[in-house]
Amino acid sequence: MNGNVLVSGGLGYIGSHAATLLLEKGYDVVIVDNLSNSRKEILSGIEKITGKKPKVYFEDLKDPAVPEKIMKENDIKAVIHFAAYKAVGESMEKPLMYYENNLFSLINTLKASLNYGVKNFIFSSSCTVYGEPEELPVTEESPVVKAESPYGNTKKVAEDILTDLTNAEKSFNVISLRYFNPIGAHPTALIGELPLGVPNNLVPFITQTAYGIRKQLRVFGSDYNTPDGTPIRDYIDIMDLVEAHIVALERLFIGENESNFEVFNLGTGQGGSVLEVINAFEKATGVKLNYVITDRRPGDVEKIWADPTKANKVLGWKAKRSLEESLKTAWEWEKYYRQNLDV
Ligand code: NAD
Ligand code: UD1
């Protein structure tokens, strides 16, 4: 493949795994990341796994000059846009910071792409756009509802921007991937999720509790209308998730896309409850978790899982890894990180 793939947010959790796989598949990778939620050490992990050195810009996409400069200096053929803030609670307290970062970064990257004739763009969306669904599992046709948080709204607005842009620019191709709950780490344990501060998400909280960094895991509510009373999500392994990006990218390069704005759910199609995740973690690792049931967390949905049929059929992609496998790699990464990088 001639030309580079720009991976924005490429030192973050999902971006670093995607960049690694792209390099392994022989793509030339250019990363831009301002380290607002990542660390330079992740780059060493990418380099160790792949034996390659991607070009990296430690710069901020909120500055419109940054994507312009990157496009000017590199023959970019496609963008995978991961860069965003993602903490739901923080977005409630600092909505402007979220709209500014997530939307300005997107708009600046899109403008530079158009200016430099880049035609292929993959966007990181979220199942948060479905809110609390009335029917399960959710398909891509399920209603997109009013977002519960400014973070969620940045994803909805971003998809609106991409819809309008692709209507106006018929030769600009976008695939929006709606992730369910990505978990786990690279099988080498050299890269993984790196929550700076107290984690909001379940799996990093579990691994940190298991390692003794957190005293106790709180299970937020056991009075939901689900078999064991705890909320249900569709937990998808990070490697499965990033494999879908490669397939989506190839679809754009080959020009197999049926319209110039396509949306895909990336999930396993299986729901798992919080207690099931805890049990699977204990089984996969042999480590007992100290947990307590507490009140519900405001804003949590009761249950959501994907219908991934469209991605299965159209992309020929399917999530393969088990919940236990993902929890095992998450645990291996937590130990590696604490022993080698947490200095
Ligand atoms: P992450 O925070 O680990 O990675 C995002 C990366 O983008 C970080 O390395 C951060 O430093 C960088 N970044 C943020 N703003 C930037 C800016 N203005 N300029 C340059 N770099 C910037 O998050 P992640 O989990 O890897 O998520 C990647 C994308 O997927 C995000 O858009 C997120 O909203 C979306 N998403 C994530 C999840 C999830 O559960 N992790 C679920 C659905 C959607
Ligand atoms: C959250 C966001 C979602 C975002 C995703 C990735 C909300 C409502 N949704 O998803 O928009 O895309 O993060 O950042 O915040 N749990 C506990 N104890 C904990 C942590 C979590 O019991 O310490 C439970 C939660 O109640 C939930 C499940 O674990 O039922 C998963 O939570 P989490 O990992 O935060 O993901 P979501 O809430 O699904």
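Please refer to the structure placed before this passage.
In this text, all values refer to a predicted model and were calculated from it rather than measured experimentally. (Residues numbered from 1 in each chain as written. Chains lettered and ligands numbered in written order. Predicted model: local features only at pLDDT ≥ 70, side-chain atom pairs only at ≥ 80, totals over all residues. Heavy atoms only, no water.)

Colleague: Before we move on, could you go through the overall build of the chain and cite the residues and values that matter?
Modeller: Along its length, the chain carries 11 helices and 13 strands. Dimensions of the chain, computed from C-alpha atoms along their principal axes, come out at roughly 55 × 45 × 40 Å. Residue burial in the chain is summarised as follows: out of 343 residues, 56% are buried. At a minimum sequence separation of 6, the contacts of the chain that also span at least 24 residues come to 81%. Accessible surface, the chain: about 14800 Å² in total, of which carbon and sulfur atoms supply 49%. Seen as two clouds, the 38 positive and the 46 negative side-chain charges of the chain have centres 4 Å apart. (Helix = DSSP H or I, 4+ residues; strand = E, 2+ residues; numbered from the N terminus. Buried < 20%, exposed > 50% of the residue type's maximum accessible area, 1.4 Å probe, protein only. Contact = heavy atoms within 4.5 Å. Areas by Shrake-Rupley, 256 points an atom, 1.4 Å probe, with all protein chains shown as cover. Lys, Arg positive; Asp, Glu negative; His and termini not counted. Charge placed at Lys NZ, Arg CZ, Asp CG, Glu CD.)

Colleague: Please set out the site of ligand 2 residue by residue, giving values where relevant.
Modeller: The immediate surroundings of ligand 2 are formed by 21 residues, with Leu202, Arg218, Arg233, Arg297 and Asp300 found nearest. For ligand 2, an oxygen atom lies 2.9 Å from a polar atom in the backbone of Phe220. Protein contact buries 88% of the 730 Å² of open area that ligand 2 shows by itself. Of all elements in the fold, only α7 (202-211) and β8 (217-220) reach the threshold of two or more residues within the shell around ligand 2. Examining the composition of the shell around ligand 2, we find that 4 residues originate from one element, β8, more than from any other. Considering only residue class, the shell around ligand 2 consists of 10 nonpolar, 6 polar and 5 charged. (Near = heavy atom within 4 Å. Polar contact = N/O pair within 3.5 Å; in protein donor to acceptor, adjacent residues only side chain to side chain. Nonpolar A, V, L, I, M, F, W, Y, C, P; charged D, E, K, R; others polar.)

Colleague: Break down the site of ligand 1 for me, citing the residues and quoting the values.
Modeller: Looking at ligand 1, there are 29 residues lining it, with Ile14, Asp33, Asn37, Lys86 and Asn101 nearest. Interatomic distance of 2.7 Å between a side-chain N/O atom of Asn37 and an oxygen atom of ligand 1. Between ligand 1 and the protein, one listed contact pairs an oxygen atom with a backbone N or O atom of Phe82 at 2.9 Å. Compared with its free state, where it exposes 820 Å², ligand 1 has 96% of that area covered by protein.

Colleague: With reference to specific residues and values, describe the sheet that holds strand β6 (residues 173-179).
Modeller: Strands sit in the order β3-β2-β1-β4-β5-β6-β11 across an open sheet of 7 strands; the sheet is parallel. Two strands lie at the open edges of the sheet, namely β3 (55-57) and β11 (261-266), each paired on one side alone. Averaged over all adjacent pairs, the angle separating strand axes in this sheet is 20 degrees, with direction ignored. Inspection of the sheet shows strand β2 (residues 28-32) paired to β3 by 3 bridges, in the parallel sense. Bridge pairing links Val30 to Lys55 in β3. Against the sheet, helix α6 (residues 150-168) touches β5 (120-126), β6 and β11, its axis set at about 150 degrees to β5. (Pairing = 2+ DSSP bridges. Axes fitted to C-alpha atoms, helices over the stretch in contact; angles between N-to-C directions.)

Colleague: Lay out the packing of helix α3 (residues 65-73) against helix α5 (residues 95-115) with the relevant residues and their values.
Modeller: At a closest axis distance of 8 Å, the pairing of α3 and α5 adopts a crossing angle of 35 degrees. Classified by chirality, the crossing of α5 by α3 is right-handed. Contact residues: Pro67, Glu68 and Met71 in α3; Asn108, Thr109, Lys111, Ala112, Ser113 and Asn115 in α5. (Left-handed = near helix turned anticlockwise from the far one by under 90°.)

Colleague: Quick rundown of helix α8 (residues 238-254)? Include the residues and the values.
Modeller: For α8, with 17 residues, the first-to-last C-alpha span of 25 Å sits near the 24 Å given by 1.5 Å per residue. Burial of α8 is extensive: 13 of the 17 residues sit out of reach of the surface. In this structure Asp237 caps α8, since a side-chain oxygen of it lies 2.8 Å from the backbone nitrogen of Met239. The positive-phi residue at the C-terminal boundary of α8 is Gly255, with phi of around 80 degrees. (Expected span 1.5 Å × (residues − 1).)

Colleague: Please set out the environment of Gln270 residue by residue, giving values where relevant.
Modeller: Relative to the helices and strands, Gln270 resides in the loop between β11 and β12 (272-273). What makes Gln270 exposed here is its relative accessible area of 57%. On a C-alpha basis, the gap between Gln270 and Ala306 in space is 7.4 Å, while along the polypeptide they are 36 residues apart. Setting aside residues up to four positions removed in sequence, Gln270 forms contacts with Arg233, Asp234, Tyr235 and Trp305.

Colleague: Outline the packing of aromatic side chains, listing residues and values.
Modeller: Applying the stated rule across the entire model yields 8 aromatic pairs. Both rings, one in Phe121 and one in Phe172, keep their centres 6.0 Å apart while their planes meet at 45 degrees; by these two values the pair is tilted. Here the residue Phe121 occupies a position in strand β5, and Phe172 occupies one in the loop between α6 and β6, the gap between them amounting to 51 residues. Here Phe121 matches Phe172 in class, with each residue buried. Measuring from ring centre to ring centre gives 5.8 Å for Phe281 and Trp331, while their planes differ by 80 degrees; the resulting arrangement is edge-to-face. Of the two residues, Phe281 sits in helix α9 (residues 274-285) while Trp331 sits in helix α11 (residues 323-340), which places them 50 residues apart along the sequence. With a relative accessible area of 8%, Trp331 lands in the buried category. (Phe/Tyr/Trp six-rings, centres within 6.5 Å; stacked < 30°, edge-to-face > 60°.)

Keep in mind these values describe shape, not function.
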